[in-house]
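Coordinate analysis (summary)
Okay, here's what each chain looks like letter by letter:
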Amino acid sequence: MSKEGKKIDQMLFWPPLLLVAIMCSAIILNPEAGTNAVNKVFSFLTGKMGWTYEVFVLANLGAVLYFIFGKFANKRFGGEKPEFSTLSWLGMLFSAGTSAAIVYWSPIEFYFYLTAPPFGLEPMSPQATAMATAYPLFHWGPSSYALYVGVGVVFGYLFFVQGKEVFRPSTACESLLGKHASGYLGKAIDIFYMVGIIAGISTSVGLGTPLLSEVITKITGIPHTLGLDATILIIWTVIIGISVYGGLDKGIRRLSDFRNWLGFALLAYVLAVGPTAFMFNNFIDSLGVMFNNYFRMSLYTDPVLKSGFPQDWTIFYFAWFIAFALSTGIYLARISRGRTVREFTLGAMFSGVICVYTYFMVFGNYTMDLQARGVINLAEIIKAHGVPYAIVEIFSTLPFASIILPIILVLLFISTATVINSIAYTLAMVTTAQLKTGEEPAKWNRLFWAVVLGGISLTLIFLGGMKPLQAASVAGSFPTMFIMAIILIGFIKKAGKEWDVSDETKPSDPTDTKDN
């Protein structure tokens, strides 16, 4: 049985907690002022500083390409053979893309771009239609997943080459910051990291909870209220508490695996009963449109027409991915011992991309076909009932919807419960004063952060609409962007030079590895 590290780091535990408490209290006491503040923050960071997100994401993609084709390509994360067989490893990477967020966006994201398209295009026109199905592939594509992979290479080096136990980003900043990474600057980096994670997960839960409530309403007839959203969040917290104190963490992991298979089964079903040929044809066409406009999309700020498209969508998505980049990079590195840098970057980036692309190909084109045939009218539904209701109506058109909707309910519930559990664990690790190998953060600490995550998610839901959810990710991830830059620059300039030439080996035969 693993031991617990019970002592918390006061400087890391209290500042982000007090910040979250002050923000939530202010919003609840004065929602109107809270909404105005949220709008101002979002407007400043996406309008005045939005270009920084786009430049950073493109530069990060360049760094990842350097890792793939440059001098680090054949360096290996440790001298051992890969921990997992290639098939098992790719499966773990692929399944990481299944989430409540992708179930939320994949059926309906194109519609927002169709009705309010970029580049001054006419809404609902053929040109807008082409961009509407291409833009989701860009937002969830290589540039976004490269954000996980770039820092993942650094963490893989720290874990398996230098033998460091890294669970705080300040440790990864030592190459550039030196002793300052262990002082107050390092503490500030870790605090900003925590704020970014909290903001990112709150956005995810804030999207998934209302959708789950709408599914429950559709199945049971229980009205969708803030009380129902709160009840769901409480149930998630209770489940996490039971898993922590009841020793059911393995059960949570098994539920996560079950979630993946459930998602794949749902995709296969919709692909079979839906317009299969149209799904493939439109997906391939959308890929062509995306690649043809890749750099235009990457650097689109719209300073003249000021449509708000890149601010509301591209910069928001980049910020959202940045918020999770460090924690996801750590996870991807941990399961990649024995892999070369080229194997890791290609496998980790494109496994996730292929997973989410499958969701958009199937669910997105299924919805587009429904809209084109007049089976549903998304404009009327969204105007009258909102986006979560519209998504449920889309899935309700499937054959045997009375069976499919409960499956979607389980998929959404498990997906969100597992992600809250994992992020609460991450926050508990960061706020523990010292963890030795094999030690776990205190159980109360994990449960505490699960409660905090639920509270701030409910606060954002209370404000209503997409803007608070978008603003949370954009504001929380802004400092994280600079932390990632410090990590990457420090690695390339200094730490990477210490990766001895003797570490270069030929890729091992994946058939010689153990299957786990």
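If you're wondering where the values come from, they're calculated on a predicted model, not measured in any experiment. Per chain, residues are indexed from 1 in the order of the written sequence. Owing to the predicted nature of the model, reporting of local features is limited to residues with pLDDT of at least 70; listing and counting of side-chain atom pairs is limited to 80 or more, with chain, interface and lining totals taken over all residues. The basis for every side-chain value is the complete set of heavy atoms in the structure, and neither hydrogens nor water enter the calculation.

For the protein chain, the helix and strand inventory stands at 22 helices and two strands. Taking 516 residues into account, the globule formula puts the C-alpha radius of gyration at 24 Å, and the protein chain, at 22 Å, falls close to it. The dimensions of the protein chain, computed from C-alpha atoms along their principal axes, are 65 × 50 × 50 Å. Here the term buried applies to any residue with accessible area under 20% of the maximum for its type, exposed to any over 50%, and partly exposed to those in between, with areas from a 1.4 Å probe on protein chains only. Put simply, the protein chain has 516 residues, and 57% of those count as buried. By sequence separation, contacts in the protein chain at least 24 residues apart represent 84% of the contacts at least 6 residues apart. On the protein chain, roughly 21,100 Å² of surface is accessible, and the fraction owed to carbon and sulfur atoms is 66%. The way it works is that DSSP assigns letters per residue, a run of H or I at least four long becomes a helix, a run of E at least two long becomes a strand, and they are numbered from the N terminus. Put simply, the radius of gyration uses C-alpha atoms, and a globule should come to 2.2 Å times the residue count raised to 0.38. Contact between two residues is taken to exist if any of their heavy atoms lie within 4.5 Å; hydrogens are not considered. A 1.4 Å probe and the Shrake-Rupley method give the accessible areas. Residues count as covered only by the protein chains that appear here.

What follows is about a nonpolar patch on the surface. Taken together, the side chains of Trp14, Leu18 and Ile22 make up a nonpolar region of the molecular surface, amounting to roughly 320 Å² of accessible area. The residue Trp14 is located in helix α1 (residues 10-29) in this model. For Trp14, a relative accessible area of 37% puts it in the partly exposed group. Only residues whose relative accessible area exceeds 30% and that form no salt bridge enter a patch; like-charged residues are grouped when within 9 Å of one another, and nonpolar side chains (Val, Leu, Ile, Met, Phe, Trp, Tyr) when within 5 Å. Criterion for a salt bridge: a side-chain nitrogen of Lys or Arg within 4 Å of a carboxyl oxygen of Asp or Glu.

On to the packing of aromatic side chains. Here the aromatic set is Phe, Tyr and Trp, taking the six-membered ring for Trp, and pairing holds for ring centres within 6.5 Å; pairs whose planes are under 30 degrees apart are stacked, those over 60 apart are edge-to-face, and all others are tilted. Within this structure, the stated rule accounts for 53 aromatic pairs. Taken together, a centroid distance of 6.4 Å and an interplanar angle of 40 degrees make the contact between Tyr300 and Phe309 tilted. As far as the burial class goes, Tyr300 and Phe309 line up, both buried. We call a charge positioned over a ring when the NZ of a Lys or the CZ of an Arg lies within 6 Å of the ring centre and within 35 degrees of the ring normal. Lying over the aromatic face of Phe159, Arg334 brings its terminal NZ or CZ to 4.4 Å of the ring centre. The aromatic ring of Trp89 is capped on one face by Arg339, whose charged end is 4.6 Å from the ring centroid.

On to unusual backbone geometry, then. The backbone phi angle of Lys306 is positive, close to 55 degrees, even though this residue is not glycine. By relative accessible area, which is 65% here, Lys306 ends up exposed. Phi at Phe400 takes a positive value of approximately 60 degrees, unusual for a residue other than glycine. Structurally, Phe400 is set in the loop between α19 (387-396) and α20 (401-431).

Attention now goes to helix α22 (residues 467-493). Across its 27 residues, α22 extends 39 Å between first and last C-alpha, which sits within 8% of the 39 Å expected from 1.5 Å per residue. Among the 27 residues that make up α22, 19 are buried, leaving the element largely enclosed by the rest of the structure. A helix is expected to reach a length of 1.5 Å times the quantity of its residues less one.

All right, on to the pattern of salt bridges then. Under the counting rule described, the total for this entry stands at seven salt bridges. Notably, a salt bridge pairs Lys187 with Asp9, separated by 2.5 Å at the nearest N-O pair. Taken together, the positions of Lys187 in helix α11 (residues 184-220) and Asp9 in the loop between β1 (4-5) and α1 put the pair 178 residues apart, joining distant regions of the chain. Given the relative accessible area of 10%, Asp9 is considered buried.

With that settled, the discussion passes to the packing of helix α18 (residues 378-385) against α19. Here an axis means a line fitted to C-alpha atoms, over the contact stretch when the element is a helix, while the angle between two N-to-C directions is reported on a 0 to 180 degree scale. At a minimum axis distance of 7 Å, the contact between α18 and α19 shows a crossing angle of 135 degrees. Between α18 and α19, the angle is such that the two are oblique. Crossing angle aside, the handedness with which α18 passes α19 is right-handed. Residues Leu378, Ile381, Ile382 and His385 of α18 form the contact with α19, whose own contacting residues are Val387, Tyr389, Ala390, Glu393 and Ile394. Here the residues of the contact of α18 with α19 are counted per class, giving seven nonpolar, one polar and one charged. Angular relationships are summarised with four words: roughly parallel below 35 degrees, roughly antiparallel beyond 145, roughly perpendicular across 65 to 115, and oblique for the angles in between. Crossings are sorted by hand: turned counterclockwise from the far helix by less than a right angle, the near helix makes the crossing left-handed, and turned clockwise it makes it right-handed. The classification used treats Ala, Val, Leu, Ile, Met, Phe, Trp, Tyr, Cys and Pro as nonpolar, Asp, Glu, Lys and Arg as charged, and all other residues, Gly among them, as polar.

Looking at where Asn282 falls in the secondary structure, it is placed in helix α14 (residues 276-292). When sequence neighbours within four positions are dropped, the list of residues in contact with Asn282 reads Thr133, Asn365 and Met368.

Here α14 crosses helix α17 (residues 341-372) at 115 degrees, and the two axes come no closer than 9 Å. What the angle tells us is that α14 and α17 run roughly perpendicular. In the crossing of α14 with α17, the sense of the turn from one axis to the other is right-handed. Judged by residue contacts, Phe278, Met279, Phe280, Asn282, Phe283, Leu287 and Met290 of α14 engage Tyr357, Met361, Val362, Asn365, Tyr366, Met368 and Asp369 from α17. Of the residues in the contact of α14 with α17, the class split is 11 nonpolar, two polar and one charged.

The exposure class of Asn282 is buried, given its relative accessible area of 15%. Expressed as a C-alpha distance, the spacing of Asn282 and Met484, which sit 202 residues apart in the sequence, is 36 Å.

Moving on to the confidence of the model for the protein chain. Considering every residue of the protein chain, the mean pLDDT works out to 89; 93% of them sit at 70 or more. Per residue, pLDDT captures the predictor's confidence, and it can take any value from 0 to 100. Taken as a whole, residues 504-516 scores under 50 in pLDDT and shows 25 contacts with residues more than four places along the chain or in a different chain.

Moving on to the environment of Ala128. Along the chain, Ala128 turns up in helix α7 (residues 126-139). On the basis of relative accessibility, which here comes to 0%, the residue Ala128 falls in the buried class. As a C-alpha pair, Ala128 and Leu147 span 19 residues in sequence and 28 Å in three-dimensional space. Residue contacts for Ala128: discarding those within four places in its chain leaves Leu114, Pro117, Leu121 and Glu122.

If you trace the backbone, Thr459 turns up in helix α21 (residues 443-463). The exposure class of Thr459 is buried, given its relative accessible area of 5%. Here a polar contact is taken to be a pair of N or O atoms separated by no more than 3.5 Å, where protein atoms must pair a possible hydrogen donor with a possible acceptor and residues adjacent in sequence count only if both atoms sit in side chains. One polar contact links the side chain of Thr459 to the main-chain carbonyl oxygen of Gly455, over a distance of 2.9 Å. Apart from residues no more than four positions distant in its own chain, Thr459 is found in contact with Cys24, Ile27 and Ile28.

The next thing to look at is the environment of Met297. Considering the arrangement of structural elements, one finds Met297 in helix α15 (residues 294-298). Residues Met297 and Ser43 lie 254 residues apart in sequence; the distance between their C-alpha atoms is 20 Å. For Met297, the contacting residues outside a window of four places in its chain are Phe119, Met131, Ala134, Tyr135, Phe138, Met290 and Thr314.

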